[in-house]
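Close look at the chain arrangement
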Amino acid sequence: MTKIDVKLKTYLNYINGDWVASEIEETGKSKNPANTEEVVGLYQMSSENDLNKAVNSASDAKKAWRKLSGDERGNYLQKAASILEERLDEVALTMTKEMGKTLPEAKGETARGVAILRYYAGEGLRSEGDVIPSTDKDALMFTTRAPLGVVGVITPWNFPVAIPLWKMAPALIYGNTVVIKPASEAAITCAKVIECLHEAGIPEGVVNMVTGSGSVIGLEIANHPEVNGITFTGSNQVGKQLAQIAVTRGIKYQLEMGGKNPVIVANDADLDLAVEATISGGLKSTGQKCTATSRVIVQKDIYQKFKERLLAKVAEITVGDGVESSTWMGPSVSQSQLDTVVSYIEKGKEEGAKLLYGGDKVRSKALKGYFIEPTVFEGVTSDMTIAKEEIFGPVLALMKVNSVEEALELANDSEYGLSASIFTTNISNMLSFIDDMDAGLVRVNAESAGVELQAPFGGMKQSSSHSREQGRAAIEFYTNIKTVFVKG
Ligand code: NAP
């Protein structure tokens, strides 16, 4: 934490339609993980009182906002989409500099943000209820939807445009007002998304953003009596803490958390496709996706061939600053994330897994960031830490099995259940995988890390609070059903 430095651009909180400094006049530095000497900008370290003002403004705005038609609310989202589209290159560059993913990935994510806004703008004109026959022939019975009120949004740094938008856009279109606390490591990228909503003329108080420490602002959001629902994406540890508060307060909550996602490669798989997808799913974004491939379970007859092709392709990966067009994989997001990844690699070695590739920080004088080598282990067993815990780094754990049944058993031997893939050309393998895999997202002949904005997304087991985000499924969290009975 530092006092405000006038030489750097300082990003402010957004409360009641105004950009305002935190009351305590403290800022945090957003650093470039690819070049730790570069500070991207300063963001507000806020107090409980700043948060209180934001929630009160959201509460004051909620009545007028819910009285607008869905079409009117949708128009604001449409305008924000167009503004974000115009600013796509700038927002994507900020994302790359702030959290390290490569520029093409950042551009892809920002384009997804535009599409999310447009998709939910359209929701304002879609049906929100059913007509249900009443036992009374003179009555009309139907369901309608009521917004929750003020929704608290707490987001991680790994998708700093898409996740804030796939939470805020449905919250807003269904008539809620929001207060968002973005991850500190990507606070400036989120501020730019909020600028788009501001430039679109969204009414005062409907959207508010307060940056600062998770344990201060995040907890205060959950505890604030005027917050009627919490949507969170992030670690299991924080998610569970928020769930306890929400249960005690009796408010709705939605949690999307970690994963330990398996990919199964059957004997009959298209090997090139499986190799390509394992690398893309496991190592893009430096393995920092909740849906990243982590456990690679390969049937024994093709194991050797798969391993050789995988290692040959991994050796081609270029690690560097995500703004360079030659870079395939950027840095870890922070020193602490890098340390975590390194400590998991050490654990893997200690517990008897065989290191096949990588396994160290990138040691290059030209690179001044948190760079780690793409890493591949083999001989990993399900009792090892690297097979059980989410690493959130570019580490693949190869496991050899005799049959697809054994592969499925291993794949399900996890406390997580977010996403999973199988590579096979055999229809009965596909069907048993679809049936028996305990994951919220199951993909056949496609990488584990693929999410489409119009389809429900969420995990099973410890990966989720068992609610779903995105697509039409979002209506279930952001509204309550009201059953209406009318007799003339
Ligand atoms: P995190 O540490 O849990 O942080 C997530 C958010 O919670 C940040 O805004 C953070 O603020 C805030 N926070 C921290 N401590 C808090 C507290 N005590 N109370 C309330 N809020 C608090 O997670 P992360 O490191 O940003 O993200 C990585 C995790 O997210 C991984 O486990 C990943 O799998 C998961 N993830 C899941 C999905 C999914 O859809 N399932 C998608 C993406 C990521 P600060 O930044 O200020 O600490």
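Residues numbered from 1 in each chain as written. Predicted model: local features only at pLDDT ≥ 70, side-chain atom pairs only at ≥ 80, totals over all residues. Heavy atoms only, no water.

**Section: the site of the ligand**
- The environment of the ligand is formed by 31 residues, the closest being Thr155, Ser184, Ser235, Met257 and Glu390.
- Contacts to the ligand include Glu390, whose side-chain N or O atom sits 2.6 Å from an oxygen atom.
- Relative to its free-state accessible area of 910 Å², the ligand is covered by the protein chains to the extent of 88%.
- Broken down by secondary-structure element, the contributors of at least two residues to the shell around the ligand are helix H7 (214-223), strand E10 (229-233) and helix H8 (236-249).
- Considering every element that reaches the shell around the ligand, the biggest residue donor is H7, with four residues.
- Of the residues contributing to the shell around the ligand, the split by class is 15 nonpolar, 13 polar and three charged. (Near = heavy atom within 4 Å. Polar contact = N/O pair within 3.5 Å; in protein donor to acceptor, adjacent residues only side chain to side chain. Areas by Shrake-Rupley, 256 points an atom, 1.4 Å probe, with all protein chains shown as cover. Helix = DSSP H or I, 4+ residues; strand = E, 2+ residues; numbered from the N terminus. Nonpolar A, V, L, I, M, F, W, Y, C, P; charged D, E, K, R; others polar.)

**Some thoughts on the domain arrangement of the chain**
- According to the domain assignment, the chain consists of domain 1 (6-257 + 464-487) and domain 2 (261-452).
- Taking only C-alpha atoms, the centre of domain 1 and the centre of domain 2 are 31 Å apart.
- At the junction of the two partners, domain 1 supplies 23 residues and domain 2 supplies 27 residues.
- Between domain 1 and domain 2, roughly 2,000 Å² of surface is buried when both sides are summed, and carbon and sulfur atoms account for 59% of that area.
- Here domain 1 and domain 2 share zero salt bridges between them.
- Where domain 1 packs against domain 2, one counts five residue pairs in polar contact (both at pLDDT 80 or more).
- Of all the secondary structure elements, the ones that give two or more residues to the side of domain 1 that touches domain 2 are strand E5 (35-45), helix H3 (88-99) and helix H4 (103-123).
- For the side of domain 1 that touches domain 2, the class distribution of residues is eight nonpolar, eight polar and seven charged. (Domains from an automatic or database assignment. Contact = heavy atoms within 4.5 Å. Buried area = accessible area lost by both parts, 1.4 Å probe. Salt bridge = Lys/Arg side-chain N within 4 Å of Asp/Glu carboxyl O.)

**Comments concerning the sheet that holds strand E15 (residues 375-378)**
- Spatially, E14-E15-E16-E13-E12-E18-E19 is the arrangement adopted by the seven strands of the open sheet, whose pairing is mixed. Every other strand in the sheet has two partners, leaving strand E14 (354-357) and strand E19 (441-444) as the edge strands with one partner each. For this sheet, the mean angle separating the axes of adjacent strands, direction not counted, is 20°.
- With three bridges connecting them, strand E12 (residues 261-265) and strand E18 (residues 419-423) associate as parallel partners. Following the sheet pairing, Ile264 is matched in E18 by Ile422.
- Here helix H13 (residues 404-412) sits on the sheet and contacts E12, strand E13 (293-299), strand E16 (395-401) and E18; the angle it forms with E13, its principal contact strand, is near 160°.
- Where helix H14 (residues 427-436) meets the sheet, its contacts fall on E12, E18 and E19, and the angle it forms with E19 comes to roughly 175°. (Pairing = 2+ DSSP bridges. Axes fitted to C-alpha atoms, helices over the stretch in contact; angles between N-to-C directions.)

**Observations regarding unusual backbone geometry**
- Its identity as a non-glycine residue notwithstanding, Glu25 has a phi of 50°, on the positive side.
- Among the structural elements, Glu25 can be located in the loop between strand E3 (18-20) and strand E4 (26-32).
- Positive phi outside glycine occurs at His466, with the angle close to 75°.
- Among the secondary structure elements, His466 is positioned in the loop between strand E20 (460-461) and helix H15 (474-478).

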